[in-house]
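If you want the building blocks of each chain, they are given just below.
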Amino acid sequence: MREKLTKSDVEKIQQEIEHRKLVERKKLIESVKEARSHGDLSENFEYHAAKKEKNRNESRIRYLERMLKTAIIVEDNSKEDEVGLNNTVQLYCEDDDEVETYRLVTSVRGSSLNGRISIESPIGKAILGHKEGERVYIKVNDQFGYYVVIKKIIKTQDEEDQIRSF
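Only a predicted model underlies this, so the values are computations on that prediction, with no experimental measurement involved. (Residues numbered from 1 in each chain as written. Predicted model: local features only at pLDDT ≥ 70, side-chain atom pairs only at ≥ 80, totals over all residues. Heavy atoms only, no water.)

A. Structural detail: the nonpolar core. Grouped together as the largest cluster of nonpolar side chains are 19 residues, with contacts concentrated most on Val 83, Leu 91, Ile 123, Ile 127, Val 148 and Ile 150. Secondary structure elements with two or more residues in this core: strand S3 (87-93), strand S4 (98-105), helix H3 (122-127), strand S6 (135-139) and strand S7 (145-155). Per-element accounting of this core gives the leading share, four residues, to S7. Those residues in contact with Ile 127, other than ones at most four positions away along the chain, are Val 83, Val 89, Leu 91, Leu 104, Val 136, Val 148 and Ile 150. Counting residues in hydrophobic clusters, the runner-up holds nine residues, among them Leu 5, Ile 13, Ile 61 and Met 67. (Core = buried A, V, L, I, M, F, W, Y, C linked by side-chain atoms within 4.5 Å. Buried < 20%, exposed > 50% of the residue type's maximum accessible area, 1.4 Å probe, protein only. Helix = DSSP H or I, 4+ residues; strand = E, 2+ residues; numbered from the N terminus. Contact = heavy atoms within 4.5 Å.)

B. Local environment of the environment of Glu 53. On the secondary structure map, Glu 53 appears in helix H2 (residues 45-70). Residue class for Glu 53 comes out partly exposed when judged on its relative accessible area of 34%. Linking Glu 53 and Leu 28, residues 25 residues apart in sequence, is a C-alpha distance of 7.2 Å.

C. View of the environment of Asp 9. In this structure, Asp 9 sits in helix H1 (residues 7-36). Note on Asp 9: relative accessible area 1%, which makes it buried. Sequence separation of Asp 9 and Tyr 102 is 93 residues, and the distance between their C-alpha atoms is 19 Å.

Here is the structure:
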């Protein structure tokens, strides 16, 4: 699947790749060498743990590089009066008679537990581009959905989020 990323997402991913290659890789290689020097490798737990951690770092680098290679770059600009990427939105849920607050983000930053929903999620897809006061149908699946009213749109800055680890 091709991830939708903003320019800021791409920069942060590139920074993580650089850190993992230049800093983490060197430390992990040294850890493997140190553990190897402790003798019999077949019963050397430190060696196997160090090697596993080194491989985990290399896998993360490959994953991030592949993500960047296949990513679709999206703009985080939206009109002043409509829901866009990186906006905080207050939604009135008619069925529950409650107001919920979410921030619309790219899929790599999504974290529903922290109030950040992806533009790829059912809610994100439904409210993107709509205006305050509009009633929007959120389709969960072929048989179920619900309505929300967009109560308030708050334009927010992109800098406070970090890329989540997978």
